[in-house]
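Spelled out, the chains give:
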Amino acid sequence: LGATALLAGPALFWAAAEFGRRPAPGAYAAPGLQPVGPEAAREDLSTLLPALLLVVYDAFGRKDEAEIYDTLAVAAAGEALEKLYLERVGAMVGGGAETKQPIHGLHLVEAASELSGETFRVDARWQVFATVSHSVHVHVRRNTYRANLTIAPVEGAWKITDFELTDVDRQTAGEPVEVDLPWWN
C-alpha cells in the first residue's frame, strides 16, 4: 500500500453540490471523492480512509454538540457514529477538550483490508500532525494511531460503521517533522 499524505484544512472539504450527487448503482461517494465500487474503494484505501478520518478529526475540533454529531454523520454511521460522538462529548464534559488542535496532515502508514460483499474490515495505522494550542503555549504533535475499522456503504456513501482504536503511540509527539520550506527561506 502506498502511503498518502493529505493536508487538512478548508481545501479538503467538499462542495455540497458534488457530495450530494447520486452515485451509479454499486458506487458510493466519500467526502471529496468520486463514487467508486467496493473493489476500487478497497484498492484505493490510501485515499478513502484518510478522507473519512479527516472528517472525524474535523468533527472533534467542533464545540457544539449538534455540529459534532452532524459532521461525524458524514463519515460514520451506526455503532461507529455513536462511539465517536460519545467519545468527543465525554472529552468535552471531562475537560479534555480545552485545547485547540488544528490538523495539518494525516499520513496513512499502513492498511490491510478484507472485503466481504460491499463491506470491508480494515486494520490501519496512521499518523496525525497537529498544532496543539494550550492557554500558555503551542506545540506540534505527531501521534500514531492504529484501529480496526469497518467501512460500508450507508445511504449512498462510504462510511465507517465500526471503529475500535487499538493503539495510540505518542513517542513521536514533539519530534521535528521534515517539511518543504518556501523558496524565500
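Use the structure listed above.
Bear in mind the structure is a predicted one, so any value in this text is a computation, not a measurement.

### Observations concerning the overall build of the protein
When its secondary structure is counted, the protein shows five helices and seven strands. Helices and strands appear in the protein in the N-to-C order β-α-β-β-α-α-α-α-β-β-β-β. Across the 185 residues in the protein, those meeting the buried criterion constitute 36%. Across the protein, contacts joining residues at least 24 apart in sequence account for 57% of those joining residues at least 6 apart.

### Here we look at the pattern of salt bridges
The full count for this structure, using the stated rule, is eight salt bridges. The partner of Glu79 in a salt bridge is Lys83, with the nearest N and O atoms 3.5 Å apart. Placement of both Glu79 and Lys83 in helix H5 (residues 78-93) is noted, with a separation of four residues, approximately one turn of the helix. Since its relative accessible area comes to 49%, Glu79 is described here as partly exposed. You can call Lys83 partly exposed: its relative accessible area is 34%. Counted as one network, the salt bridges with shared partners bring together Glu79, Lys83, Arg121 and Asp162.

### Side note on helix H4 (residues 65-75)
Here H4 has its buried residues at Ile68, Thr71, Leu72, Val74 and Ala75. All buried residues of H4 lie within an arc of 145° about the axis, which places them on one face of the element.

### Overview of the environment of Leu53
Position of Leu53 among the secondary structure elements: in helix H3 (residues 45-60). Sequence spacing of Leu53 and Leu106 is 53 residues, and the spatial spacing of their C-alpha atoms is 8.5 Å. Apart from residues no more than four positions distant in its own chain, Leu53 is found in contact with Leu106, Trp126, Ile160 and Phe163.

### What about the packing of aromatic side chains?
Counting across every chain of the model gives five aromatic pairs. Ring-pair connections join several aromatic residues into one group, and the members of that group are Tyr28, Phe120 and Trp158.

### With respect to the environment of Pro31
When you line up the elements, Pro31 lands in the loop between strand E2 (28-30) and strand E3 (33-36). Between the C-alpha atoms of Pro31 and Leu52, which are 21 residues apart in sequence, the distance is 6.8 Å.

### Here we look at the side chain of Lys159
Take Lys159: it is sitting in strand E7 (residues 157-169). Comment: no salt bridge for buried Lys159; closest opposite-charge side chain is Glu155, at 4.9 Å. Excluding residues within four positions of it along the chain, Lys159 makes contact with Leu52, Ala73, Val74, Ala75, Ala76, Ala77, Thr150, Ile151, Ala152 and Val154.

### Here we look at H3
Spacing of three or four residues puts side chains on the same side of an α-helix, whose turn is 3.6 residues. If you check H3, its first and last C-alpha atoms are 22 Å apart, about what 16 residues at 1.5 Å a residue would give, namely 22 Å. By the criterion of burial, H3 is predominantly enclosed, with 13 of the 16 residues buried.

### A word on unusual backbone geometry
One non-glycine residue with positive phi stands out, namely Glu155, at about 50°. Within the secondary structure layout, Glu155 lies in the loop between strand E6 (138-154) and E7. In this structure Glu155 comes out as exposed when scored by relative accessible area, which is 79%.

### What about the nonpolar core?
Formed by 40 residues in total, the largest nonpolar core has its most connected members in Leu48, Leu49, Val122, Trp126, Ile151 and Phe163. Elements with a minimum of two residues in this core: E2, H3, H4, H5, strand E4 (103-116), strand E5 (119-133), E6 and E7. For this core, the element with the most residues is H3, which contributes ten residues. Ignoring any residue separated from it by four or fewer positions in sequence, one finds Val122 in contact with Leu45, Leu49, Ala111, Ala112, Ser113, Ala147, Asn148, Leu149 and Ile151.

Calculation notes
Residues numbered from 1 in each chain as written. Predicted model: local features only at pLDDT ≥ 70, side-chain atom pairs only at ≥ 80, totals over all residues. Heavy atoms only, no water. Helix = DSSP H or I, 4+ residues; strand = E, 2+ residues; numbered from the N terminus. Buried < 20%, exposed > 50% of the residue type's maximum accessible area, 1.4 Å probe, protein only. Contact = heavy atoms within 4.5 Å. Salt bridge = Lys/Arg side-chain N within 4 Å of Asp/Glu carboxyl O. Arc of directions from axis to C-beta. Phe/Tyr/Trp six-rings, centres within 6.5 Å; stacked < 30°, edge-to-face > 60°. Lys, Arg positive; Asp, Glu negative; His and termini not counted. Expected span 1.5 Å × (residues − 1). Core = buried A, V, L, I, M, F, W, Y, C linked by side-chain atoms within 4.5 Å.

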